[in-house]
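Residue-level listing of the chains:
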Amino acid sequence: MVDEACLEQGGAWFKTNCANPRVTVLIHAQNQGGATLTGCRHAIGSGAEAAVKLDGDGQRDPALILRIAVPPLAGRPCRLCQGLSLPSPDLRP
């Protein structure tokens, strides 16, 4: 979890409330516009098998993470797995 000087103090909240040892909290002292890069660098540097990018604005349902992540984690070759928001249900596969 990368907190980029979040006004809501999201990083502090995660440090206090998230007991999952797989979650790492990284905090930028000021907004640098580089939270995604910071998270990716940390994941690669720590040897993570997978990394999930999910913005904190509520646009994505975290319950969908496993639907997106399970195929590549099950051994199917994959370098990038991305969920895409489309404006209309008619456009969705």
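What you see is a predicted model, and the numbers here were worked out from it, not measured in a lab.

What counts, and where the lines are drawn
- Residues numbered from 1 in each chain as written.
- Predicted model: local features only at pLDDT ≥ 70, side-chain atom pairs only at ≥ 80, totals over all residues.
- Heavy atoms only, no water.
- Helix = DSSP H or I, 4+ residues; strand = E, 2+ residues; numbered from the N terminus.
- Buried < 20%, exposed > 50% of the residue type's maximum accessible area, 1.4 Å probe, protein only.
- Contact = heavy atoms within 4.5 Å.
- Areas by Shrake-Rupley, 256 points an atom, 1.4 Å probe, with all protein chains shown as cover.
- Phe/Tyr/Trp six-rings, centres within 6.5 Å; stacked < 30°, edge-to-face > 60°.
- Lys, Arg positive; Asp, Glu negative; His and termini not counted.
- Salt bridge = Lys/Arg side-chain N within 4 Å of Asp/Glu carboxyl O.
- Polar contact = N/O pair within 3.5 Å; in protein donor to acceptor, adjacent residues only side chain to side chain.

Counting secondary structure elements, the chain contains 3 helices and 2 strands. For the chain, the α and β elements follow one another from N to C terminus as β-α-β-α-α. Counting only residues that meet the buried cut, the chain has 10% of its 93 residues in that class. When contacts within the chain are restricted to residue pairs at least 6 apart in sequence, those whose partners lie at least 24 apart make up 36%. Of the accessible surface of the chain, which amounts to about 7,800 Å², a share of 55% is contributed by carbon and sulfur atoms.

Right, let's talk about unusual backbone geometry for a bit. Positive phi outside glycine occurs at Ala5, with the angle close to 60 degrees. Among the secondary structure elements, Ala5 is positioned in the loop between strand S1 (2-4) and helix H1 (10-17). For Ala5, a relative accessible area of 33% gives the class partly exposed. Its identity as a non-glycine residue notwithstanding, Gln9 has a phi of 60 degrees, on the positive side. Its place among the elements puts Gln9 in the loop between S1 and H1.

Under the defined criterion, the tally for this structure stands at 1 aromatic pair. Aromatic pair Trp13 and Phe14: ring centres 5.3 Å apart, planes at 80 degrees, arrangement edge-to-face.

Here we take up the side chain of Glu4. Inspection of the secondary structure puts Glu4 in strand S1. Although Glu4 is buried, it forms no salt bridge, and the closest oppositely charged side chain is Lys53 at an N-O distance of 9.8 Å. Polar contacts involving the side chain of Glu4 include one to the main-chain amide nitrogen of Gln32, which spans 3.2 Å. At 3.1 Å, the side chain of Glu4 forms a polar contact with the backbone nitrogen of Gly33.

Moving on to the side chain of Asp3. Positionally, Asp3 belongs in strand S1. Although Asp3 is buried, it forms no salt bridge, and the closest oppositely charged side chain is Lys15 at an N-O distance of 8.9 Å. For Asp3, the side chain forms a polar contact with the main-chain nitrogen of Cys6, separated by 2.7 Å. From its side chain, Asp3 meets the backbone nitrogen of Gly10 in a polar contact 3.4 Å long. Aside from chain neighbours lying at most four places away, what touches Asp3 is Gln9, Gly10, Gly11, Ala12, Leu26, Ile27 and His28.

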